[in-house]
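As a plain string of letters, each chain reads:
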Amino acid sequence: MAQLWTLHGDGKNVEADAVVKPGERLTWPRMIGLGGQHVVAMFGATFLVPVLTGFPPATTLLFSGIGTLLFLLITKNRLPSYLGSSFAFIAPITAAVASTGMGGALFGILAVGALLALVGVVVLITGIGWINALMPPVVSGAIVALIGFNLAPAAKNNFQLAPLTALITLAAVIFSTVLFKGMLARLSIFIGVVVGYIAAVIAGEVDFSTVGDAAWVGLPQFALPANPFADSAVWGVLPAFLPVVLVLVAENVGHIRGVAQMTESPEVNRLTGRALLADGLGTVLAGFGGGSGTTTYGENIGVMAATRIYSTAAYWIAGAVAILLGLSPKVGAVINTIPAGVLGGVTTALYGLIGIIGVKIWLDNKVDFSKPVNQFTAATALIIGIADFTLNAGSVTFNGIALGTVAAIVIYHAMTAVARLRGTDGGPRDA
């Protein structure tokens, strides 16, 4: 493996105006430490998704590690990224588990992964221009925002079960971002969970009964997706899941552009198709085995930006560590003891942050909200998502995320087409 990277300088220092590029590395002891940082950065969010959805945490950790190594292979070891649990799956998984059980949710994850992989193949053949045309910033921002805000009731429900613990957790999340500097400030979600967990233990809200019986080493809990041909109701989960593909595309594209910009390597953008294919296959594997869907992680981009080290060697180490953690049922049992109050506090901030990421997409791309086409695209999609509008078509139910996503795409393109036809161009109304 050492032949895959060239040594950066003396392998010990990074010059003030330099970066360690994906094909470079430092000395292996330093790379192991950097890999450990990436594990810590991804861990808080990656374990939280299965905890919130009722999936086995150890299984999700295992598949996130496997998915990361697969991602590195498919992208030719040139794109540094960790594939962690995507929060975009939380709402559809929750709905699917309630209606068709865990098997139905896994079928939805598998379907999303397959479609994302297909998108990756198409991008490899045709390029990424059509994605940019289908989802301009006003549309992609609205989709990301409505997924976060759609989860608000779930955060409220957990918060109300243990308000004091939830408040302590939320306060820890918020203030750790300004109390600490560097890496610690980037781990505010993880720190909040730890502080809230300690408060919950003191309050007697944590049940350790299953931890003692769990083995230190062993296979995690695997599960298979439901067969939609044996149970037609399983097809009904797809409308809630398929919009997640658009979010995963936006996240992957944003990740790649960020890495290309920070490493001053525009050629990285050519890996977009491979990245989408890899993330899709990683999600398919997770869906087949009982893990949650994956996505490229912004938390790890933060680590790279802080260290200026973009070596893929760190991600090989992080992926291997995640696999080892996934093979410890004891770790999964401890994670499963996190009580509702802690989840309520951390998700109050976290779900809101997902929504704000959508707003940030608008700001970063200078979306002009004086134009009616942008106003109505965002406004209508957000209300549909936040209120969780539903539409029943026989046995199939379209939830707020699905309807809001469709609304954003249809409204934008329909209004733009009419504006061009009429010569109004969707600009500001006359005073």
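Residues numbered from 1 in each chain as written. Predicted model: local features only at pLDDT ≥ 70, side-chain atom pairs only at ≥ 80, totals over all residues. Heavy atoms only, no water.

The name that an unreviewed UniProt entry assigns to the protein chain is Nitrate reductase, with the source organism given as Agreia bicolorata. Quoted verbatim from the Sequence similarities (unreviewed entry) field of UniProt, the annotation for the protein chain is "Belongs to the nucleobase:cation symporter-2 (NCS2) (TC 2.A.40) family." Taken from UniProt, the Subcellular location (unreviewed entry) comment for the protein chain reads in full: "Membrane". (UniProt positions renumbered as here; feature names shortened; annotations may be inferred.)

Q: For the overall build of the protein chain, give the residues involved together with the corresponding values.
A: The secondary structure content of the protein chain amounts to 18 helices and six strands. The C-alpha radius of gyration computed for the protein chain amounts to 22 Å, which stays within 12% of the reference 22 Å derived for 431 residues, consistent with globular compactness. For the protein chain, the C-alpha atoms occupy an extent of roughly 65 × 50 × 50 Å along the three principal directions. Here the protein chain, with 431 residues, has 54% of them falling under the buried criterion. Across the protein chain, every contact between residues at least 6 apart in sequence was considered, and the portion connecting residues at least 24 apart equals 79%. (Helix = DSSP H or I, 4+ residues; strand = E, 2+ residues; numbered from the N terminus. Rg over C-alpha atoms; globule rule 2.2 N^0.38 Å. Buried < 20%, exposed > 50% of the residue type's maximum accessible area, 1.4 Å probe, protein only. Contact = heavy atoms within 4.5 Å.)

Q: Pulling in residues and values, what's your account of the packing of aromatic side chains?
A: Applying the stated criterion across every chain, the model contains seven aromatic pairs. Aromatic pair Tyr197 and Phe208: ring centres 6.4 Å apart, planes at 80 degrees, arrangement edge-to-face. Residue Tyr197 is located in helix H9 (residues 188–202), and its partner Phe208 is located in the loop between H9 and helix H10 (238–241); the two are separated by 11 residues in the primary sequence. Judged by relative accessible area, which is 43%, Phe208 ranks as partly exposed. With 5.1 Å between their ring centres and 75 degrees between their planes, Trp362 and Phe369 make a pair best called edge-to-face. Given the relative accessible area of 31%, Phe369 is considered partly exposed. An aromatic cluster is defined as three or more aromatic residues linked by ring pairs; in this entry it consists of Phe107, Phe229 and Trp235. (Phe/Tyr/Trp six-rings, centres within 6.5 Å; stacked < 30°, edge-to-face > 60°.)

Q: Summarise the packing of helix H5 (residues 137–150) against helix H17 (residues 372–387); cite the residues concerned and give the values.
A: Describing two packed helices takes the angle between their axes plus the distance from one axis to the other. Packing of H5 against H17 brings their axes to within 8 Å, and their N-to-C directions diverge by 20 degrees. Here H5 lies roughly parallel to H17, going by the angle between them. Crossing geometry of H5 relative to H17 is assigned as right-handed. Contacts between H5 and H17 involve Val138, Val139, Ala142, Ala145, Leu146, Phe149 and Asn150 on the former and, on the latter, Asn374, Thr377, Ala378, Ala381, Leu382, Gly385 and Ile386. (Axes fitted to C-alpha atoms, helices over the stretch in contact; angles between N-to-C directions. Parallel < 35°, antiparallel > 145°, perpendicular 65-115°, else oblique. Left-handed = near helix turned anticlockwise from the far one by under 90°.)

Q: If you had to explain unusual backbone geometry to someone new, which residues and values would you point to?
A: We note that Lys366 has phi near 55 degrees; this positive angle belongs to a residue other than glycine. Among the structural elements, Lys366 can be located in the loop between helix H16 (340–364) and H17. Although it is not a glycine, Asp388 sits at a positive phi angle of roughly 55 degrees. Position of Asp388 among the secondary structure elements: in the loop between H17 and strand S5 (391–393). Residue classification places Asp388 among the partly exposed positions, given a relative accessible area of 34%.

Q: Residue-level account of the packing of helix H6 (residues 152–161) against H16, with values.
A: Taken N-terminus to C-terminus, the directions of H6 and H16 make an angle of 145 degrees; their axes are 7 Å apart at the nearest point. Crossing of H6 over H16 shows left-handed handedness. Side by side, H6 and H16 meet where Ala154, Ala155, Asn158, Phe159 and Leu161 of the first sit next to Ala340, Gly341, Leu343, Gly344, Gly345, Thr347, Thr348 and Tyr351 of the second. Taken together, the residues of the contact of H6 with H16 break down into seven nonpolar, six polar and no charged. (Nonpolar A, V, L, I, M, F, W, Y, C, P; charged D, E, K, R; others polar.)

Q: If you had to explain a nonpolar patch on the surface to someone new, which residues and values would you point to?
A: On the surface, a cluster of nonpolar side chains totalling about 730 Å² of accessible area is made up of Leu115, Leu118, Val121, Val122, Leu124, Ile125, Trp130, Leu134 and Leu242. By residue number, the principal contributor to the nonpolar patch is helix H3 (residues 90–126), which donates six residues. With respect to the helices and strands, the residue Val122 is situated in helix H3. Its relative accessible area of 32% is what places Val122 among the partly exposed residues. (Patch = residues over 30% accessible without salt bridge, like charges linked within 9 Å, V, L, I, M, F, W, Y side chains within 5 Å. Areas by Shrake-Rupley, 256 points an atom, 1.4 Å probe, with all protein chains shown as cover. Salt bridge = Lys/Arg side-chain N within 4 Å of Asp/Glu carboxyl O.)

Q: An account of helix H18 (residues 400–422) is needed here, citing residue identities and associated values.
A: A rise of 1.5 Å per residue sets the reference length of H18, with its 23 residues, at 33 Å; its end C-alpha atoms lie 31 Å apart and thus fit the reference within 8%. Among the residues of H18, Gly400, Ile401, Ala402, Gly404, Thr405, Ala407, Ala408, Ile409, Tyr412, Thr416 and Ala419 are the ones counted as buried. Gly423 occupies a position one or two residues after H18 and carries a positive phi of about 75 degrees. (Expected span 1.5 Å × (residues − 1).)

Q: Quick one: what's the story with the nonpolar core, residue by residue and with numbers?
A: In terms of nonpolar packing, the biggest core is built from 114 residues, with Leu48, Phe87, Phe241 and Val249 touching the most fellow members. Ranked by the residues each element gives to this core, the list is headed by H3, at 14 residues. Setting aside anything within four residues of it in sequence, one finds Phe87 in contact with Ala45, Leu48, Val49, Leu151, Tyr297, Leu350 and Ile354. (Core = buried A, V, L, I, M, F, W, Y, C linked by side-chain atoms within 4.5 Å.)

Q: So what's going on with the environment of Pro163? Residues and values would help.
A: If you trace the backbone, Pro163 turns up in helix H7 (residues 163–179). Sequence spacing of Pro163 and Ile174 is 11 residues, and the spatial spacing of their C-alpha atoms is 16 Å.

Q: Break down the side chain of His8 for me, with residues and values.
A: Note that His8 resides in the loop between strand S1 (6–7) and strand S2 (24–25). Once you skip the residues sitting within four places of it in the chain, His8 turns out to touch Asn13, Val14, Glu15, Ala18, Val19, Val20, Glu24, Arg25 and Leu26.

Q: Report on H7, specifying residues and quantitative values.
A: The end-to-end C-alpha distance of H7, which contains 17 residues, comes to 23 Å, matching closely the 24 Å that a straight helix rising 1.5 Å per residue would cover. Of all the positions in H7, only Thr165, Ala166, Thr169, Leu170, Ala172, Val173 and Ser176 are classed as buried.

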